[in-house]
Each structure stands twice: as C-alpha cells, then as structure tokens.
Amino acid sequence: RKEVEQDPGPFNVPEGATVAFNCTYSNSASQSFFWYRQDCRKEPKLLMSVYSSGNEDGRFTAQLNRASQYISLLIRDSKLSDSATYLCVVYSGGGADGLTFGKGTHLIIQP
Amino acid sequence: DTGVSQDPRHKITKRGQNVTFRCDPISEHNRLYWYRQTLGQGPEFLTYFQNEAQLEKSRLLSDRFSAERPKGSFSTLEIQRTEQGDSAMYLCASSPILGLAGGLTYEQYFGPGTRLTVT
C-alpha cells in the first residue's frame, strides 16, 4: 500500500455543486495533514492544515478519520476558479523527510 | 512581493552540464526545503535546511546533487553532470517553525519553481 493515495480523477463537477475527495494514508502514527491546491504548471499553495479532527475555512472543510486513516476535502458551492489539482500531504514525524505528498486529485469545475 | 522566489524560472541545458538554482525564502522562515516534481506526480523531497544547517537529505538523492544555505537565508541547489532524467520542476519551499495555530508545524510556502529541461 502506498504511503499516501489519492484518486487522480479528474472529477468533473458542475459549478455550484458540492464535491468531496479523500486521501488515504498508511502510517497510523501520522501526526498532521495538509491540503494544497496546485494550478497547472504553478507551485502548490497551502489550502488548509489539519491537526485534530478537522478544519473549516469558508467553502472548504477538511475532515480527518484516524480510525480509517483518511482525510477528506469537501468543497461547497464550487466555483470555476476551484479547478485545480488538490494535493494531500501527510506528516508522519521524523523531520521534513516525514512529509509525504500524494499525487493529487484533479478537479474540473464546469460552467 | 514577500513570498518565496526562485531563479531562474526556466533552464534548458545540455546533458553533462552543471546547473545551479537559487531560492530566496520568506525572510522570517527558518526552514527551507527543496523538492522535485514531474508531471502527474506530487513533489518529491530532496533536502531540508533549518537555518544554515542541512538537516536532512533524501536517500534517493544522487551524489550529483548538492545544496547549500551558507548564511541561513537564500539557498542554492546544484546538479552536476545533468542527465535527461533530471528534467523536472525544482521547487523550493520555506516554513516557520511555529504555524498559524501557534504550534510546531510543517506548513510550507512554495516558490514558483525552476523548470529544468535537459536535452
């Protein structure tokens, strides 16, 4: 099992809809979690950090399920500008080498 | 703009040549990271500095790669004797030790990257 797995998509979603995707991780000792968004040929940008059960920021909600070892990202009232690749990052301790990036989920919001 | 900057943004080089990239982190950030990213993949960790000390280096990193952060501010990444397989986006990120919530964190802020093409 890979350390961090994401469905690559693409997820094609109509504008205004709610979309959610998951990120599963294999190390049960993982301590903290991050979601980044990455636009095509651009750098990743930090979207949310999750240290306990979850986090909410406007239309974005991240939830952590430690028992099943996954973290989800939910986007409500999706906008065209939400189209991007969403990278999940899991920190499992041991320094910077303990940060593992998923390959990302590609989201396309359609008008 | 007070974000992370990288130079050059694009580099085309011939196989066997040496290349050097520069990263200027956010000024108050102690931590600096280098990553490599290829199409369809997430960033792959290369190395990490806390202030001027290189604390970690990926086991997968070839000896042709070296990085420095001599004064704890900007950093350079050098690739010697480049190979076509080195073609990728090289990303630099910085982070504070304490995050937005006040605790220890690895919240990272990325630069725009240097896209390397080895012909």
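Residues numbered from 1 in each chain as written. Chains lettered and ligands numbered in written order. Predicted model: local features only at pLDDT ≥ 70, side-chain atom pairs only at ≥ 80, totals over all residues. Heavy atoms only, no water.

### Some details on the interface of chain A and chain B
Right, so step 1: Tallying the contact residues gives 19 residues for chain A and 23 residues for chain B.
Right, so step 2: A buried area of about 1800 Å², summed over both sides, lies between chain A and chain B, and 56% of it is on carbon and sulfur atoms.
Right, so step 3: Of all residues in chain A, Ala96(A), Asp97(A) and Phe101(A) bury the most surface against chain B, accounting for 27% of the area lost on that side.
Right, so step 4: Summed over the shared surface of chain A and chain B, the result is zero salt bridges.
Right, so step 5: At the boundary of chain A and chain B, one finds three residue pairs in polar contact (both at pLDDT 80 or more).
Right, so step 6: Of all the secondary structure elements, the ones that give two or more residues to the side of chain A that touches chain B are β4 (32–38), β5 (44–50), β9 (84–91) and β10 (99–101) of chain A. (Contact = heavy atoms within 4.5 Å. Buried area = accessible area lost by both parts, 1.4 Å probe. Salt bridge = Lys/Arg side-chain N within 4 Å of Asp/Glu carboxyl O. Polar contact = N/O pair within 3.5 Å; in protein donor to acceptor, adjacent residues only side chain to side chain. Helix = DSSP H or I, 4+ residues; strand = E, 2+ residues; numbered from the N terminus.)

### Thoughts on the nonpolar core
Right, so step 1: With 22 residues, the main nonpolar core has Phe21(A), Trp35(A), Ile71(A), Leu73(A), Ile75(A), Tyr86(A) and Leu107(A) as its most contacted residues.
Right, so step 2: Listed by contribution, the elements that provide at least two residues to this core are β3 (19–25), β4, β5, β7 (60–65), β8 (70–75), β9 and β11 (105–110) of chain A.
Right, so step 3: Excluding residues within four positions of it along the chain, Ile71(A) makes contact with Phe21(A), Asn22(A), Cys23(A), Phe33(A), Trp35(A), Val50(A), Gln63(A), Leu64(A) and Cys88(A).
Right, so step 4: The next biggest cluster of nonpolar side chains, apart from the first, holds 19 residues, and it includes Leu46(B), Phe49(B), Ala88(B) and Leu116(B). (Core = buried A, V, L, I, M, F, W, Y, C linked by side-chain atoms within 4.5 Å. Buried < 20%, exposed > 50% of the residue type's maximum accessible area, 1.4 Å probe, protein only.)

### As for the pattern of salt bridges
Right, so step 1: Under the criterion given, the structure shown has nine salt bridges over all chains.
Right, so step 2: A salt bridge links Arg37(A) to Asp39(A); the shortest N-O distance between them is 2.6 Å.
Right, so step 3: For Asp39(A), a relative accessible area of 30% corresponds to the partly exposed category.
Right, so step 4: The partner of Asp77(A) in a salt bridge is Lys79(A), and the shortest N-O contact between them spans 2.9 Å.
Right, so step 5: Each member of the salt-bridge network shares a partner with another, and the members are Arg64(B), Glu83(B) and Asp86(B).

### Concerning the state of the cysteines
Right, so step 1: Using the criterion set out here, one finds two disulfides over all chains in the structure.
Right, so step 2: Each sulfur of the disulfide joining Cys23(A) and Cys88(A) lies 2.0 Å from the other. What sets the handedness of the Cys23(A) and Cys88(A) disulfide is the S-S torsion sign, and at about -70 degrees it is left-handed. Placement of the pair is Cys23(A) in strand β3 and Cys88(A) in strand β9, with a sequence separation of 65 residues.
Right, so step 3: Classification of Cys23(A) by relative accessible area gives buried; the value is 0%.
Right, so step 4: Between Cys23(B) and Cys92(B) runs a disulfide, and the two sulfur atoms are separated by 1.8 Å. (Disulfide = S-S within 2.5 Å.)

### Regarding the confidence of the model for chain A
Right, so step 1: Scored by pLDDT, chain A comes out at a mean of 92, with 98% of its residues at no less than 70.
Right, so step 2: Averaged pLDDT values for the elements of chain A fall to 90 in strand β6 (residues 54–57) of chain A and rise to 97 in β11(A). (pLDDT = per-residue confidence, 0-100.)

### Looking at the pairing of β4(A)
Every regular strand shows the same layout, with side chains that alternate between the two sheet faces.
Residues and elements named next belong to chain A.
Right, so step 1: For β4, a buried count of seven out of seven residues is recorded, marking the element as mostly surrounded by other parts of the structure.
Right, so step 2: Neither face of β4 is exposed, since Ser32, Phe34, Tyr36 and Gln38 on one face and Phe33, Trp35 and Arg37 on the opposite face are all buried.
Right, so step 3: With seven bridges joining them, β4 and β9 adopt antiparallel strand pairing. Its bridge partner being in β9, Trp35 is matched across the sheet by Cys88.
Right, so step 4: Looking at chain direction, β4 and β5 are connected through six bridges and run antiparallel. Note that in β5 the partner of Gln38 across the bridge is Pro44.
Right, so step 5: Count of turn residues in the β4/β5 antiparallel hairpin: five residues, of which Arg41 carries a positive phi of about 60 degrees. (Pairing = 2+ DSSP bridges.)

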